[in-house]
Amino acid sequence: MLLKPASWARSIAWPLAVLLIGISSTAFLVSELAAENERTAREALTEVGEKSAAELQDRVQRYQYGLRGIRGAAITAGEFGLSREAFHRYSMSRDLAVEFPGARGMGFVRRVPPAQEAAFVKAAQLDGAPNFMVHAFRPHEGERYVIQYFEPEQTNSQAIGLDIASESRRRQAADAAMRAGVAQLSAPITLVQADGAINQSFLLLLPIYRTEVTPPTEAERVAAGYGWSYAALSMAEVLGNMN
């Protein structure tokens, strides 16, 4: 039976703890798991039992497969070869609800230097999105990390064009993934397409490099990285149909 915590802290601690442990066991990087979170994770895993933990770990592995599929499509197309139509066709070949339960969708985030933002927006508008614009949580002077594609787009249109570098938790996860060369889970966030669920969602980001293999050093990874494949995960939906 699905556990129903009695408080806000419990409601976040339980799914976050199990998800973090699942990611750790599949060689994902979680860079900000503090000592208190570790203690909470151990207690939560004891409480929910091995069956629920194993089921959630399986889901984490599925998300990883999906992100690797998008990364493979991007690498095959080349840094500037992936189009909106091609991304849509790829997404239509997957059954999101069946393959990746709990994921609101999956997308592609591109690094955009500030000096190239205007040219990027123009190219994106010509790529089947005439109303495409970059929008942010707050102004900032650094690189933009822009959600260029996201599927299913119909139910997630608010996310298209969002500069995730303008919000600290999203930016930190993206930077950590790029530096380390592995998938990174963000701290709890509020999805722009689910603003009623405050801090009950996460992003899972996998870096994409210009090279076919992950560069060996951190400096090379940062230099060669041009984007991320990512999944938007709602904890309520991830856990909603678990036994």
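Residues numbered from 1 in each chain as written. Predicted model: local features only at pLDDT ≥ 70, side-chain atom pairs only at ≥ 80, totals over all residues. Heavy atoms only, no water.

A. Structural context of the pattern of salt bridges. Under the definition given, this model contains nine salt bridges. Here E79 ties to R210 by a salt bridge, and the two come within 2.8 Å at their closest N and O atoms. Within this pair, whereas E79 is found in the loop between α2 (35-77) and α3 (84-92), its partner R210 is found in the loop between β6 (201-209) and α7 (218-224), the two being separated by 131 residues in sequence. Linking R104 and E237 is a salt bridge whose minimum nitrogen-to-oxygen distance equals 2.7 Å. You can see R104 sitting in strand β1 (residues 103-112) and its partner E237 sitting in helix α8 (residues 235-240), a full 133 residues away along the chain. (Salt bridge = Lys/Arg side-chain N within 4 Å of Asp/Glu carboxyl O. Helix = DSSP H or I, 4+ residues; strand = E, 2+ residues; numbered from the N terminus.)

B. Spotlight on the environment of R62. On the secondary structure map, R62 appears in helix α2. Note on R62: relative accessible area 30%, which makes it partly exposed. (Buried < 20%, exposed > 50% of the residue type's maximum accessible area, 1.4 Å probe, protein only.)

C. Region of the structure containing the environment of A174. Tracing the backbone through its elements, the reader meets A174 in helix α6 (residues 168-180). Spatially, the C-alpha atom of A174 lies 6.3 Å from that of L205, the residues being 31 residues apart in sequence. When residues no more than four places from it in sequence are discounted, the contact partners of A174 are Y145, I164, L205 and W228. (Contact = heavy atoms within 4.5 Å.)

D. The side chain of R221, seen in detail. Position of R221 relative to the elements: it lies in helix α7. Buried charge without a salt bridge: R221, with E218 as the nearest opposite-charge side chain at an N-O distance of 5.2 Å. Look past the residues within four positions of R221 in its chain and what remains in contact with it is M178, R179, A180, G181, Y209, T214, P215 and P216. (Lys, Arg positive; Asp, Glu negative; His and termini not counted.)

E. The arrangement of the pairing of β1 in detail. Buried residues dominate β1, accounting for nine of its 10 residues. Where β1 and strand β7 (residues 225-234) come together, seven bridges link them in antiparallel fashion. The residue bridging G105 from the neighbouring strand is A232, located in β7. As judged from the seven bridges shared by β1 and strand β3 (residues 144-151), these two strands associate in the antiparallel manner. In the strand pairing of β3, M106 is matched with E151. (Pairing = 2+ DSSP bridges.)

F. Up close: the nonpolar core. Membership of the largest hydrophobic core comes to 30 residues, with the highest contact counts inside it found for F132, I147, I164, L205, W228 and Y230. Look past the residues within four positions of L205 in its chain and what remains in contact with it is I164, A173, A174, A177, V182, A183, Q184, W228, S229 and Y230. Y63, A74, L82 and Y226 belong to the second-largest nonpolar core, a separate cluster that totals 24 residues. (Core = buried A, V, L, I, M, F, W, Y, C linked by side-chain atoms within 4.5 Å.)

G. Examining the packing of aromatic side chains more closely. Counting across every chain of the model gives six aromatic pairs. Centre to centre, the rings of F150 and Y230 are 5.3 Å apart; their planes meet at 40 degrees, and the pair counts as tilted. Pair noted here: F150 is in strand β3 and Y230 is in strand β7, with a separation of 80 residues, a long-range link. The same class applies to F150 and to Y230, which are both buried. Each member of the aromatic cluster is reached from another via a ring pair, and the members are F87, F108, Y149 and Y226. (Phe/Tyr/Trp six-rings, centres within 6.5 Å; stacked < 30°, edge-to-face > 60°.)

H. How the structure looks around the pairing of β7. In terms of residue burial, β7 counts as a mostly covered element, since 10 of its 10 residues are buried. Examined bridge by bridge, β6 and β7 share nine bridges and lie antiparallel to one another. Bridging across to β7, S201 finds its partner in S234.

I. Quick look at the confidence of the model for the chain. Mean pLDDT over the chain works out to 82, with 75% of the residues at or above the 70 mark. Low pLDDT, under 50, characterises residues 1-14; the stretch is placed with 24 contacts to residues that sit more than four places away or in other chains. (pLDDT = per-residue confidence, 0-100.)

J. Here's a closer look at the layout of surface pockets. Computed from the structure, the largest pocket encloses a volume of approximately 330 Å³. In this structure, the largest pocket is lined by 20 residues; those nearest its centre are E79, F80, R110, F120 and Q148. Of all elements in the fold, only β1, α5 (117-126), β3 and β7 reach the threshold of two or more residues within the lining of the largest pocket. The element best represented in the lining of the largest pocket is α5, accounting for four residues. Grouping the constituent residues of the lining of the largest pocket by class yields 10 nonpolar, four polar and six charged. The space that makes up the second largest pocket amounts to roughly 260 Å³. Around the second largest pocket, the lining comprises 15 residues; the ones closest to its centre are S91, R94, L96, E151 and P152. Of the residues forming the lining of the second largest pocket, the biggest block, five residues, is contributed by α3. A per-class count over the lining of the second largest pocket returns eight nonpolar, four polar and three charged. (1 Å grid on protein atoms, 1.4 Å probe; cavity = no way out; pocket = protein on both sides within 12 Å on 5 of 7 lines; lining within 4 Å. Points joined across faces, edges and corners; volume = space filled by probe spheres on them. Nonpolar A, V, L, I, M, F, W, Y, C, P; charged D, E, K, R; others polar.)

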